[in-house]
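Summary of structural features
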Amino acid sequence: MRQKIVAGNWKMNNNLDESKSLVKKVAKSIKKNKLKNTRVIVAPTFVSLEKVANKAKGTKVEVAAQNMHFAKNGAFTGEISAEMLKSVGVEIVILGHSERREYFGETDEMLAKKVDAALENKMEVIFCFGEVLEDRKSGNHFNVVESQIKNGLYHLEAKDWKNIILAYEPVWAIGTGETASPEQAQEMHAFIRKIVADEYNDDVSENVSILYGGSVKPNNAQEIFGKPDVDGGLIGGAALNKDDFKAIIDAI
Ligand code: PEP
């Protein structure tokens, strides 16, 4: 079912104590909110995942990993598998973040394999994609987004999509303070829903949650979340501050 979701990507920030403290504050702040149909997710670094997942137990906060490898195990120094994430209580993983694509060379092909590994382990995937500024300027943004979704996800069967959350993150808006306008976000989200309907069916496309990410802040969240095809946000910088994150959750 299509859900409202606010997910905070903490990236390479917060040591263990800071992570535990932040998740506690986030959980406390949203308890009072009486959030019924909104999911709140935080994604700490690997080293804090287990402790944060434990702290989040019994609260409204769910915990995601920021990445994982596609292999089950083996000679992949520095990597973590889906099974390992599950073993510490993590059932959601962010895949394809533009920083992973840009700085760590993650390709569509690798991401398709990671998606498969996550789904085989019954995990939910927050699948990120989005165009760079040159693509937007040259009007190629729809093609780029379509090809990222196609290459990463179209090999899945319709039934698999219940465990997929899409996150449209125009790269030019990530961490730059520049946001897509609510109209630009809506235009792209509607396009995504259309291509998913064309490839699968209306049921899949109407039920998939599509998050917007890229400099969402307390002062612009409400307008962006107010658009009909925007089901929430993937939040970077503002997720590191409990008051800002709470204000963004309140805006949904
Ligand atoms: C992100 O990294 O997913 C992100 C959206 O970051 P920010 O909110 O800081 O732009």
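First, a word on what this report is: a plain description of the structure on this page.

Let us now look at the overall build of the protein. If you tally the helices and strands in the protein, you get eleven helices and eight strands. Along the longest, intermediate and shortest principal axes, the C-alpha atoms of the protein span 45 × 45 × 35 Å. Within the span of the protein, comprising 252 residues, buried residues form 52% of the whole. If you take every contact in the protein between residues at least 6 apart in sequence, the share linking residues at least 24 apart comes to 71%. Within the structure as shown, the protein displays about 11,700 Å² of accessible surface, and the carbon and sulfur contribution to it stands at 48%. Positive and negative side-chain charges of the protein, numbering 34 and 36 respectively, have mean locations separated by a distance of 9 Å.

This paragraph deals with the packing of aromatic side chains. Under the definition given, this model contains six aromatic pairs. An aromatic cluster of three or more residues is present, and its members are Phe127, Phe129, Tyr168 and Tyr212. For the cation-ring pair, Lys113 lies above Phe70, with the distance from its terminal atom to the ring centre recorded as 4.5 Å.

For Asp135, the location among the structural elements is in helix H6 (residues 133-137). Notably, Asp135 is buried but unbridged: the nearest opposite-charge side chain belongs to Arg136, and the N-O separation is 9.1 Å. Excluding anything up to four places from it in sequence, Asp135 contacts Asn140, His141 and Val144.

What counts and what doesn't
Residues numbered from 1 in each chain as written. Predicted model: local features only at pLDDT ≥ 70, side-chain atom pairs only at ≥ 80, totals over all residues. Heavy atoms only, no water. Helix = DSSP H or I, 4+ residues; strand = E, 2+ residues; numbered from the N terminus. Buried < 20%, exposed > 50% of the residue type's maximum accessible area, 1.4 Å probe, protein only. Contact = heavy atoms within 4.5 Å. Areas by Shrake-Rupley, 256 points an atom, 1.4 Å probe, with all protein chains shown as cover. Lys, Arg positive; Asp, Glu negative; His and termini not counted. Charge placed at Lys NZ, Arg CZ, Asp CG, Glu CD. Phe/Tyr/Trp six-rings, centres within 6.5 Å; stacked < 30°, edge-to-face > 60°. Lys NZ or Arg CZ within 6 Å of the ring centre and 35° of its normal. Salt bridge = Lys/Arg side-chain N within 4 Å of Asp/Glu carboxyl O.

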